[in-house]
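Coordinates in review
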Amino acid sequence: MVMPASPTHVELSFADALRMAMSLHRDGRYDGAETLYRRLLTIEAEDANTRHFLGMALYQRGRREDRDEAIRLMTASVQADPTVAAWHNNLGNALLEGHEPEAAAIAYRRCIELDPDNVEAMNNLACLQRGLGHVAEAEAMFQNALAINPELPSLHANYATLLAAQRRIPEAQAHYLRSLELQPVNPVVSKLLGVMYAQTGQLDKAREIFGEWLRKEPDNPHARHHYAAVTGQDVPDRAADEYVVDVFDRFAASFDERLAMLEYQAPKLIGEALPALLGKPARALDILDAGAGTGLCGPWLQPYARRLVGVDLSGGMLEKAHRRGGYDALEVAELVAYLQVHPGEFDVVVSADTLCYFGRLEDALAASRRALRGAGVLAFTVEALADDQVDHVLQPHGRYAHSRGYLARSLADNGFAGVSMTDVVLRKESGKPVSGLLVSARLSD
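All of the points below concern the structure found in this document.

What counts, and where the lines are drawn
Residues numbered from 1 in each chain as written. Predicted model: local features only at pLDDT ≥ 70, side-chain atom pairs only at ≥ 80, totals over all residues. Heavy atoms only, no water. Phe/Tyr/Trp six-rings, centres within 6.5 Å; stacked < 30°, edge-to-face > 60°. Helix = DSSP H or I, 4+ residues; strand = E, 2+ residues; numbered from the N terminus. Buried < 20%, exposed > 50% of the residue type's maximum accessible area, 1.4 Å probe, protein only. Expected span 1.5 Å × (residues − 1). Contact = heavy atoms within 4.5 Å. 1 Å grid on protein atoms, 1.4 Å probe; cavity = no way out; pocket = protein on both sides within 12 Å on 5 of 7 lines; lining within 4 Å. Points joined across faces, edges and corners; volume = space filled by probe spheres on them. Nonpolar A, V, L, I, M, F, W, Y, C, P; charged D, E, K, R; others polar. Pairing = 2+ DSSP bridges.

What follows covers the packing of aromatic side chains. For the structure shown, the criterion picks out three aromatic pairs. Note on phenylalanine 210 and tryptophan 213: the rings are 6.2 Å apart at their centroids and 35 degrees apart in plane angle, and the pair reads as tilted. Within this pair, phenylalanine 210 and its partner tryptophan 213 are both found in helix H12 (residues 203-216), separated by three residues, close to a single helical turn. Phenylalanine 210 gets classed as buried once you look at its relative accessible area, which sits at 0%.

Laid out in structure tokens, this is it:
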């Protein structure tokens, strides 16, 4: 019997192939979707749907190197067909992530003009206005959106954040609570509400929020960390690596902008202290930026550095440091572990707002001593603890504060002398100054 030949390929129409690419896209199979979208564009180079969905796939995949092409493709699609409201919202999101807030606002407004009930675009535009300091406009937009859809958790959460920034605490708490009622598992809202309760003296409610979060997500490092902070139970010696990585990877893209809004001072404080510590810049020193983050200390350190190395647990943060430039090496590592395996390699170790994720500092100071040579210099910032009868405290927001007495003893015990501690303001939080200490010391002879 002769069997019929197997077909070697199946012909698909353009529309069928586009549906297949969109199915891959919906399933999160971005590489396969991209390949098929690009093949379709070789057939219909001006097709608005294909260009928009390819742009969306590139944007959603999250590779920074794809962002410009994603924006270009989505812009071309809305120019070809300006009537699709959702496309303008998508373009606004990509533009906002690409640090083009004015263009993003135009895209969001165009979406709302086309679809006046589009609460997603209203939510996005209100958040953008909030970030730009246009508080009245943002509040009006949130209220309009909530009137259309009062059941959207993110609307309540984002509006609560605006209210919290204005110190309208009871209103903010009510909207955070409503957000959690609508979406019971939401780590970001649980953290914000729990911290707000704790900072306003409502510790019972803070413990309730963090305890409920921990019951729902027992393996969540944030839930464990903040529950320990408000209960005093099982307080870790330092924040878990997975907690720190998640915090900073999550905010890497917008970290510098957020710190600017908080009037963040730690790199500047360390930078301004360098002449007294190191003398005239001569590019003669081997310097470690321990907890380099996005490289904000780099410009202050470079004039003194023969070799400048940055180390951080967050790869996302170091990507931004790499783009900022100025470092001879950047390594993803836990700073104590890194210091321990680089004995005598550095003349200077600086750490801006990193040791606030450590309670006990003995290991970090011992490792710093090991990594320094000669009369090596250590400079760092910590949050200040007024009670000198206590060594350190894990605060509800997740960072530790340290007392002067503890810092002095720990530095002396680990071979440092010439200790200097200066009262500083590290940043603002909820509109209030955060008290800190700028600490410096040298290896003793």
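With 13 residues, helix H5 (residues 85-97) should reach 18 Å at 1.5 Å per residue; the first-to-last C-alpha distance of 19 Å fits that figure. Of all 13 residues making up H5, 10 are buried, and the element is well covered by its neighbours. For H5, the complete set of buried residues consists of Ala85, Trp87, His88, Asn89, Asn90, Leu91, Gly92, Asn93, Ala94 and Leu95. Where H5 is buried, its residues contact helix H3 (48-61), helix H4 (67-80), helix H6 (101-114) and helix H7 (119-131).

Turning to the side chain of histidine 225, a few remarks are in order. With respect to the element layout, histidine 225 can be found in helix H13 (residues 221-231). Histidine 225 sits in the buried class, given a relative accessible area of 4%. Histidine 225 has contacts with Pro236, Ala239, Tyr243, Leu394, Gly398 and Tyr400, leaving out every residue within four places of it along the chain.

A few words now on empty space enclosed by the protein. Per the counting criterion, the structure on display carries one cavity of 30 Å³ or more. By volume, the largest cavity amounts to about 40 Å³. Forming the boundary of the largest cavity are Ala290, Leu335, Leu339, Val349, Ser351, Leu355, Ala364, Leu365, Ser368 and Leu378. At the level of elements, helix H19 (335-340), strand E4 (346-351) and helix H20 (362-371) are the ones that each hand at least two residues to the lining of the largest cavity. For the lining of the largest cavity, the leading source of residues is H20, giving three residues. Taken together, the residues that form the lining of the largest cavity break down as eight nonpolar, two polar and no charged.

Another point: the pairing of strand E1 (residues 285-290). Most of E1 is tucked away: five of the six residues are buried. Taken together, the six bridges between E1 and strand E2 (residues 305-312) define a ladder with parallel strand orientation. Looking at E2, one finds that leucine 285 is bridged to alanine 305.

The values reported here are purely geometric and, on their own, carry no functional implication.
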